[in-house]
Structures are given as C-alpha cells and as structure tokens.
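What follows is each chain in one-letter form.
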Amino acid sequence: MVVAAKSGGGNPGFVVKDASGRKFLVKFDTHENPEQQTATDAIVARIFWTLGYHVPADYVLVFARDEITAGPDVKDVDLVLDIVPKQLDGKYRAIASEFLLGKPLGGVPPEGVREDDPNDRIPHQHRRELRAMSVIGAWLNHTDMKEDNTLDVLIEENGKKFVRHYFVDFGEAFGAHASEKGRFEDGYEHYFDWKKQALAFFSFGLWIRPWEWLEETPWPVVGAFSADHFDPTDWREAYPYWPITEAGPEDHFWAAKLVMRFDRPILEAIVKEAQISAPEAAAYLIDTLMARRDAVGRAFLGEVTPLDEWTIEGDRVCAVDLWVRHGFGEPEPVIDGEGHAHTVEKTGRVCIPLPASDDYTVIKLRAGDRPYLELHVKGGRILGLIRRS
C-alpha cells in the first residue's frame, strides 16, 4: 500500500507499507539509464554489508499497477507512474529501501565526534572504517562520499540505547555519475581539482588525462565503468572526504585484504540480486569488479608486511602472506628481528617459533624488504599487532 507519494522534484517515488507493516522508500531509475541506479544500489549496498558496514536493506522491486493500492489521502500514485520508466511488459522497476528502525540523528560527521553520543570517543577522521573508503571507494568507484550519504540512528535494544552508523545511497557508484552527469572524470579528479585541472590548463591540452580513454559500455545499466587505465592509488572521490586524506598504508592494507576476499561466486550471487536483464552486462560487471579487485590488491597489499590470519599452533605462531596467497609474487623468506629467515610456503603460509619464555615479548617480522611489523605475545597468546610503513 502506498502511504505517501512524491511526483515532483528530481526523484519521484513512494513510501509504501507491506502486509507485515514494514515501510519502504521506493525510487525509480531514469528514462536515460534504465536499471542503472536500482541495480547499482542493490549491488553496492550488499557489498558494503558483506564488508561489515551497516546499510539499509535494499531490494529490486518489479511490480504491476494492480499490485499496489493507494492509502487514504494518497492521490498522486498514477502521477508518479506516468513519469517513471516502464518495462516492455508494462511493469515498473524500482529499488525498495526498508526504513531504518530508530531515531535518525543526521549524517556521520567526517571529522570529530558526536557531542550527543558518549560512546563516540574516537575522532571520525581517525577511524579506520572511514579512512578505508580510499580503497573500497576506488574498487567500486563509489565517489559520492559525503556526510549526506551517511546516517546516524539512535537504537534501543534490550533496554539500552546506542547510536548505529549507516552508509546510505549507493546509486551513483560504478559508472553512474559519468552516465547521468557526463562526468567521465569521476573517480579520477575531485569536482574542483586544482592540481589536475591546472595541469590540464597549462599543458594546453597536450596532457591526456586518464579518464579521456573511458567509453560508455553497450549497456546503460553499467555505464562507463572499466578496469582499463584504473590506478587505485590515484583514485579521487567527487568531493574531498577528510578521513580519506588521513589514510595510511595500514588502512589501505586493512581494506584491500577485505576486498580480496570477494571471489567470483560471491560477486555472482550479489550481482544476481540486481536482476539485470542483459546477461552480458551482468557478466561484464562481474569481470570488471574482479579485475579492479586485483588492481586494488596489487596496489595496497604490499605497502606493509602482508602477514595476516594469525594463529598459535603449539610452540609456533603461524600466518599467511597475502601477497603470495593471491598470486602477486613468489614466496620470500620472512625475516625476524634477529635476522633469522623463515620459509614461506607456496600457499603463503609461514610459521615462526614462539619464545620459550611466557614473558611479554615483541616479535619483529618482515616479508622481503618491507617494513617490520611487531607481534605482541605473552603466555602463548597474541595480544596485539602493530604494522609499520
């Protein structure tokens, strides 16, 4: 049932309620790019959720006119449907975003803390999950990073109140900004990029900017999204986002190892939820995400000693060299702080003897000529890890 409708403005849509009482915001694609925003939103939201972020539950919704009814005092349902795209079978395609439970408090500030949240003690520009947008955003070309596309919600569960932080509104990722706004430079330059725009000006057009190689794909649902000429270290969000400017190699590594966990079956399952009508477009999108994923791994996993997945096995501590596991290089010995070399298997696995003493000990390790990391252990337990860059 439609409980509210909006026919004016740039984004006509509905607020609907289903039979169980849940409320959803329903939004439509544009006529120029059918399926693009709805598919992109469904895919990117699921990727963020898989990465561990809080996001709204968004679903691609295909419905016929007789499957919806207008609630009391709602008169402009047909006004909305008259101006949104219609499929060849006469049905409508939209994205249905479930309303978040709790009290909305506004966006997540990119710096500082919320003064009204006593749990919010770490300045946001120092939070790794926000700094990581320099890597995750690059992979997905999610350039629309700003406070407006986040939301803090006050939640009450089991008699306790706390603030939950959400990322929202992913429909401009992939190639959507290039398709809808003609911004082929999206992901390569800030909206106002004094450095690169000045370089283009003073080179009198002789400098070929990387995005000038971009072309629209044959499928409007994908737009100009490509792995060609993609350099994740040179990626730019549309407007400077403070946490990204604070990101360091340790943040890059953390995000890149998460991105590398997305294998083809996972991406195929996620893209399937977008209900893309052209199988070739869905296959191209998966191939592109895989290629950009590998570019992210090559760019960022090797900035620090890439040992991860630590375990204690008897009198040894074991880890995996992610650079080797993902096929970016041959195994190199891991060198400890005393100069001893430890063999890395072809799978990337390596084990180092633990100190005989149960005292607090810092074990220094480096892979190849990369900086040392510090593994803090005591009594056969790992207490912490510090990566150096």
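Everything below is about the structure shown above.
Residues numbered from 1 in each chain as written. Predicted model: local features only at pLDDT ≥ 70, side-chain atom pairs only at ≥ 80, totals over all residues. Heavy atoms only, no water.

A.B. asks: Would you mind going over the overall build of the chain with me for this structure?
C.D. replies: A count of helical and extended segments in the chain gives 11 helices and 16 strands. Once the C-alpha set of the chain is aligned to its principal axes, its extents read approximately 75 × 65 × 40 Å. For the chain, with 389 residues in total, the buried portion stands at 49%. Nonlocal contacts in the chain, meaning residues at least 24 apart in sequence, comprise 66% of its contacts between residues at least 6 apart. Counting only carbon and sulfur atoms, one obtains 53% of the accessible surface of the chain, whose full area is about 19,700 Å². Charged side chains in the chain number 45 positive and 64 negative. The centres of these two groups are separated by 4 Å. (Helix = DSSP H or I, 4+ residues; strand = E, 2+ residues; numbered from the N terminus. Buried < 20%, exposed > 50% of the residue type's maximum accessible area, 1.4 Å probe, protein only. Contact = heavy atoms within 4.5 Å. Areas by Shrake-Rupley, 256 points an atom, 1.4 Å probe, with all protein chains shown as cover. Lys, Arg positive; Asp, Glu negative; His and termini not counted. Charge placed at Lys NZ, Arg CZ, Asp CG, Glu CD.)

A.B. asks: I'm lost on helix α1 (residues 36–51) in this one. Help?
C.D. replies: An α-helical turn contains 3.6 residues, so any two residues separated by three or four positions project in the same direction. Look at α1: 22 Å from first C-alpha to last across 16 residues, which is about the 22 Å you get at 1.5 Å a residue. Within α1, 14 of the 16 residues are buried, leaving the element largely enclosed by the surrounding structure. Downstream of α1 by a residue or two, Gly-52 has a phi angle that is positive, lying close to 110 degrees. (Expected span 1.5 Å × (residues − 1).)

A.B. asks: Looking at this structure, I do not really get the environment of Lys-160. What am I missing?
C.D. replies: As for its placement among the helices and strands, Lys-160 is situated in strand β8 (residues 160–167). On the accessibility criterion, Lys-160 (61% relative accessible area) is exposed. For the pair Lys-160 and Pro-218, spaced 58 residues apart in the sequence, the C-alpha separation amounts to 51 Å.

A.B. asks: Would you mind showing me how to read unusual backbone geometry here?
C.D. replies: With glycine set apart, most residues show a phi of negative sign, and most peptide bonds adopt trans. You will see that Asn-158, though not glycine, has its phi angle at about 55 degrees, which is positive. Here Asn-158 is to be found in the loop between β7 (150–157) and β8.

A.B. asks: Is there a simple way to think about the nonpolar core in this case?
C.D. replies: Nonpolar side chains in soluble globular proteins generally cluster together in the buried interior. With 56 residues, the main nonpolar core has Phe-48, Ile-136 and Ile-276 as its most contacted residues. Taken together, the elements giving at least two residues each to this core come down to α1, α4 (133–140), α8 (249–259), α9 (264–272), α10 (279–300) and α11 (322–325). Take this core: its biggest share by element is nine residues, from α10. In contact with Phe-48, not counting residues within four places along its chain, are Tyr-53, Val-55, Met-133, Ile-136, Leu-140, His-142, Phe-167 and Phe-170. (Core = buried A, V, L, I, M, F, W, Y, C linked by side-chain atoms within 4.5 Å.)

A.B. asks: Whenever I open this one, the sheet that holds β7 confuses me. Can you help?
C.D. replies: Two modes of strand pairing occur in sheets, parallel and antiparallel, and in both the strands are linked by backbone hydrogen bonds. Strand order in the open sheet formed by three strands is β6-β7-β8, with antiparallel pairing between adjacent strands. Pairing within the sheet leaves two strands with one partner each, and these edge strands are β6 (103–106) and β8. Neighbour-to-neighbour, the strand axes of the sheet open up by a mean angle of 30 degrees, direction not taken into account. Judged from the three bridges that link them, β6 and β7 form a sheet pairing that is antiparallel. Paired with Lys-103 across the bridge in β7 is Leu-154. (Pairing = 2+ DSSP bridges. Axes fitted to C-alpha atoms, helices over the stretch in contact; angles between N-to-C directions.)

A.B. asks: Can you help me understand the environment of Glu-330 in this one?
C.D. replies: Secondary-structure assignment places Glu-330 in the loop between α11 and β11 (334–336). Here the alpha-carbon distance between Glu-330 and Glu-345, two residues 15 residues apart in the chain, equals 9.5 Å.

A.B. asks: Explain the pairing of strand β9 (residues 307–313) to me, please; I cannot follow it from the model alone.
C.D. replies: Regular strands place side chains that alternate from one sheet face to the opposite one. Of the strand pairs in this sheet, β9 and strand β10 (residues 316–321) are connected by five bridges, and their pairing is antiparallel. Opposite Ile-312, over in β10, you have Val-317 as the bridge partner. In textbook terms, the turn of a hairpin is the stretch between consecutive antiparallel strands, and for β9 and β10 this stretch comprises two residues, one of which, Gly-314, has a positive phi near 65 degrees.

A.B. asks: I'm lost on the sheet that holds strand β5 (residues 92–98) in this one. Help?
C.D. replies: Across the sheet, which stays open at both edges, the five strands sit in the order β1-β2-β3-β5-β4 with antiparallel pairing between neighbours. Two strands close off the open sheet at either side, each with one partner strand: β1 (2–6) and β4 (58–63). With direction set aside, neighbouring strand axes in the sheet form an average angle of 25 degrees.

A.B. asks: Would you mind going over α8 with me for this structure?
C.D. replies: For α8, the buried fraction is high: nine of the 11 residues fall into the buried class. Among the residues of α8, those classed as buried are Glu-250, Asp-251, His-252, Phe-253, Ala-255, Ala-256, Lys-257, Leu-258 and Val-259.

A.B. asks: What should I look at first to understand the packing of α8 against α10 in this one?
C.D. replies: How two helices pack is summed up by the angle between their axes together with the distance between the axes. Direction vectors running N to C along α8 and α10 enclose 150 degrees, while the axes themselves pass 9 Å from each other. As summarised for this structure, α8 and α10 are arranged roughly antiparallel, according to the angle between their axes. The element α8 and its partner α10 pack so that their crossing is left-handed. On α10, the residues that touch His-252, Phe-253, Ala-256 and Val-259 of α8 are Arg-293, Val-296 and Phe-300. Partitioning the contact of α8 with α10 into residue classes produces five nonpolar, one polar and one charged. (Parallel < 35°, antiparallel > 145°, perpendicular 65-115°, else oblique. Left-handed = near helix turned anticlockwise from the far one by under 90°. Nonpolar A, V, L, I, M, F, W, Y, C, P; charged D, E, K, R; others polar.)

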